[in-house]
Amino acid sequence: ETMTAMMESTQQAAPSPAPVGKPRVLAVDDQRDALRLLQIRLQNAGMECFTCSDGASALQFLEKELVDLVILDVMMPNLDGYEVCRRIKAQERTRDIVVLFLTARYEMQDKVRGLEVGGHDYLTKPVEQPELIARTRSALRVKHLQDQLKEQINLQKTINQLHQEMLGEHWQKTLGQLAASLAHEI
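What comes next concerns the included structure. This one's a predicted model, so the numbers in the text were calculated from it and none came from an experiment.

1. Structural notes on the layout of surface pockets
- A volume near 190 Å³ is recorded for the second largest pocket.
- What lines the second largest pocket is simply L59, L62, E63, R86, R87, I88, A90, Q91, R93 and T94.
- Secondary-structure elements contributing two or more residues to the lining of the second largest pocket are α3 (55–64) and α4 (81–90).
- Ranked by residues supplied to the lining of the second largest pocket, first place goes to α4 with four residues.
- Among the residues forming the lining of the second largest pocket, the class breakdown is four nonpolar, two polar and four charged.

Right under this line is the structure:
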């Protein structure tokens, strides 16, 4: 009975195959023309692309919707891209979203800072479309593998919990039989 329940639970918790739908990307840039061009490039590459024109609206969007990847400009009013990334990575709900910086800031310290606050990659403008799409797809592969790993860890936790429950039931049954046997002998 317990073994059947374990098998059913294991089958239900099996890792799912690769995502069926289009990858979901949020592009954030305060320059309207650059944002529109980025959206067109990503959509032409087969991705679903949402846009926000500043960091605060991006964070509000992520409170309601989840995406696989955020492409983030650094130089924006109020909240710069570094702070937006830091806040994305600080929230349990959004910390696994991959962040790719796409900015005109090209100094080494800018790149290092972007990676240190949690960015996956750092591209400088202007960027050629093939490189943008290749790096975006690479980041999405990392996200997909990360999601698979989390599913496998959760499955292993479920299996371990079921195993402990089975051992507990086995010992309860064994002790019950031992008590009944002792009672009979007495």
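2. Topic: the pattern of salt bridges
- Applying the stated rule across the entire model yields twelve salt bridges.
- The salt bridge involving R86 is made with E83; its shortest N-O contact spans 2.5 Å. Of the two residues, R86 and E83 are both situated in helix α4; the distance of three residues between them amounts to about one turn of the helix.
- By relative accessible area, which is 42% here, R86 ends up partly exposed.
- Residue R105 is joined to D110 by a salt bridge in which the shortest nitrogen-to-oxygen separation is 3.2 Å.
- It is possible to trace a salt-bridge network through shared partners that takes in R24, E48 and E65.

3. Concerning the side chain of D29
- In this structure, D29 sits in the loop between β1 (24–28) and α2 (32–44).
- A polar side-chain atom of D29 sits 2.9 Å from the main-chain amide nitrogen of Q31.
- Here K125 takes part through its side chain, which lies 2.5 Å from a polar atom of the side chain of D29.
- The contact partners of D29, leaving out residues within four places of it in the chain, are A34, L35, C52, S53, D73, M76 and K125.

Reading the values: rules and limits
Residues numbered from 1 in each chain as written. Predicted model: local features only at pLDDT ≥ 70, side-chain atom pairs only at ≥ 80, totals over all residues. Heavy atoms only, no water. 1 Å grid on protein atoms, 1.4 Å probe; cavity = no way out; pocket = protein on both sides within 12 Å on 5 of 7 lines; lining within 4 Å. Points joined across faces, edges and corners; volume = space filled by probe spheres on them. Helix = DSSP H or I, 4+ residues; strand = E, 2+ residues; numbered from the N terminus. Nonpolar A, V, L, I, M, F, W, Y, C, P; charged D, E, K, R; others polar. Salt bridge = Lys/Arg side-chain N within 4 Å of Asp/Glu carboxyl O. Buried < 20%, exposed > 50% of the residue type's maximum accessible area, 1.4 Å probe, protein only. Polar contact = N/O pair within 3.5 Å; in protein donor to acceptor, adjacent residues only side chain to side chain. Contact = heavy atoms within 4.5 Å.

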